[in-house]
Amino acid sequence: MKVLITGCAGFIGSNLAKQLVKNNVPIVGVDNFFGNYDVSLKRKNIAPILESKLAEFIEGDINGQKLFEWLSKKSITHVVHLAARTGVRDSSKYPGEYLKTNIIGSLNVLNFARDNKIKSVVLASTSSAYGKNKTPFNEEQKVSTPLNIYAASKIGMENLAHSFHHLYGTPITILRFFTVYGPGGRPDMAVYKFADLISKGKQIEVYGDGKAKRDFTYVSDATDGILLALEKPKGFDTFNIGNSDSRSVSELIMLLEKNFGKKAKIIYSGKRKEDAEATLADISKARATLGFSPKVGLEEGVKLFTAWFRQHRKNNAF
């Protein structure tokens, strides 16, 4: 096995790369270091991975054909496609960029997989695809009511993947991730952002009244799901990867307060149209088919994240 990871310097990508190298699996990482947040954080994510002889890395864009010409020479057998334009808010501002990367960029990855007879392709999708569906979300529900353009772009990617499997037999597994957090997390996501502001004694903005619920998934559980999906039987399938435990934003804040020993300064603003009221993963299919079982609950996960965050701030002196 030799695994291509697109978006390798990002949050989930860098955690996955570390785990694969730890498991003695060679990887080829790709990232374009898009500046949706501080690029130095992404470079720090990838730095320890590059110390391994099992890892190769190239800075490149999935919308560029030269990248795939280079990758075609690397004897890649498996693909984990994590590269994407992420973030609900920005998708309303730059819809064309989201469609270009998340659909056309994914088309380029799928073309590479087909042309190089890749044994297993894992595509990262999102719980946002469920839109107006009722919780708990399950894979049998129709995904035709997205609440934001980011979700719509991921649904487009999923539909494209299905047609690729139907036409060419490309073995594809789609994973819908539920609010992943943990070491190396994105600074624009709630867990990291709230931790940063609480630790600095600054105000945090909560959309709505704090009662909105999310199925928070620790990053090691997310990467476990990917590793299991890489080994699944050939075909086409979709799985939820979550903790299967929906907790309110207010609960998250209380856990962060406890771990930092500081009271949050909260300001409430209006609920955003792009946001679901609640997410909750039905993971029974992933349990039965993949053997997936999340191990880190929110209390433990926030504790682990806080310890990492303190060390991260200390190391970077900010």
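Residues numbered from 1 in each chain as written. Predicted model: local features only at pLDDT ≥ 70, side-chain atom pairs only at ≥ 80, totals over all residues. Heavy atoms only, no water.

**Student:** Before we move on, could you go through the side chain of Ser153 and cite the residues and values that matter?
**Tutor:** Secondary-structure assignment places Ser153 in helix H6 (residues 149–168). Classification of Ser153 by relative accessible area gives buried; the value is 0%. (Helix = DSSP H or I, 4+ residues; strand = E, 2+ residues; numbered from the N terminus. Buried < 20%, exposed > 50% of the residue type's maximum accessible area, 1.4 Å probe, protein only.)

**Student:** An account of the packing of aromatic side chains is needed here, citing residue identities and associated values.
**Tutor:** Applying the stated criterion across every chain, the model contains 15 aromatic pairs. Measuring from ring centre to ring centre gives 4.7 Å for Tyr130 and Phe137, while their planes differ by 15 degrees; the resulting arrangement is stacked. No difference in accessibility class separates Tyr130 from Phe137, as the two residues are buried. It is Arg43 that lies over the ring of Phe33; its NZ or CZ is 3.9 Å from the centre. Positioned over the ring face of Tyr168 is Arg114, at 4.8 Å from the centre of the ring. (Phe/Tyr/Trp six-rings, centres within 6.5 Å; stacked < 30°, edge-to-face > 60°. Lys NZ or Arg CZ within 6 Å of the ring centre and 35° of its normal.)

**Student:** Break down unusual backbone geometry for me, with residues and values.
**Tutor:** Residues Thr135 and Pro136 are joined by a peptide bond in cis, for which omega reads 0 degrees. Summarising the element assignment, Pro136 is placed in the loop between strand S5 (120–126) and H6. A positive phi angle, close to 50 degrees, is found at Phe33, a residue other than glycine. Note on placement: Phe33 falls in the loop between strand S2 (27–31) and helix H2 (39–46). On the accessibility criterion, Phe33 (7% relative accessible area) is buried.

**Student:** Before we move on, could you go through the packing of helix H9 (residues 249–260) against helix H11 (residues 298–316) and cite the residues and values that matter?
**Tutor:** For any two helices packed against each other, the geometry is given by the interaxial angle and the distance between the axes. Remark: H9 packs on H11, axes separated minimally by 10 Å, with the N-to-C direction vectors making an angle of 50 degrees. It follows from the interaxial angle that H9 and H11 lie oblique. Of the two elements, H9 crosses H11, and the hand of that crossing is right-handed. Counting all contacts with H9, which are made through Leu252, Leu255, Leu256, Asn259 and Phe260, the residues of H11 involved are Leu298, Glu299, Val302, Lys303, Thr306, Phe309 and Arg310. Classifying every residue of the contact of H9 with H11 gives 7 nonpolar, 2 polar and 3 charged. (Axes fitted to C-alpha atoms, helices over the stretch in contact; angles between N-to-C directions. Parallel < 35°, antiparallel > 145°, perpendicular 65-115°, else oblique. Left-handed = near helix turned anticlockwise from the far one by under 90°. Contact = heavy atoms within 4.5 Å. Nonpolar A, V, L, I, M, F, W, Y, C, P; charged D, E, K, R; others polar.)

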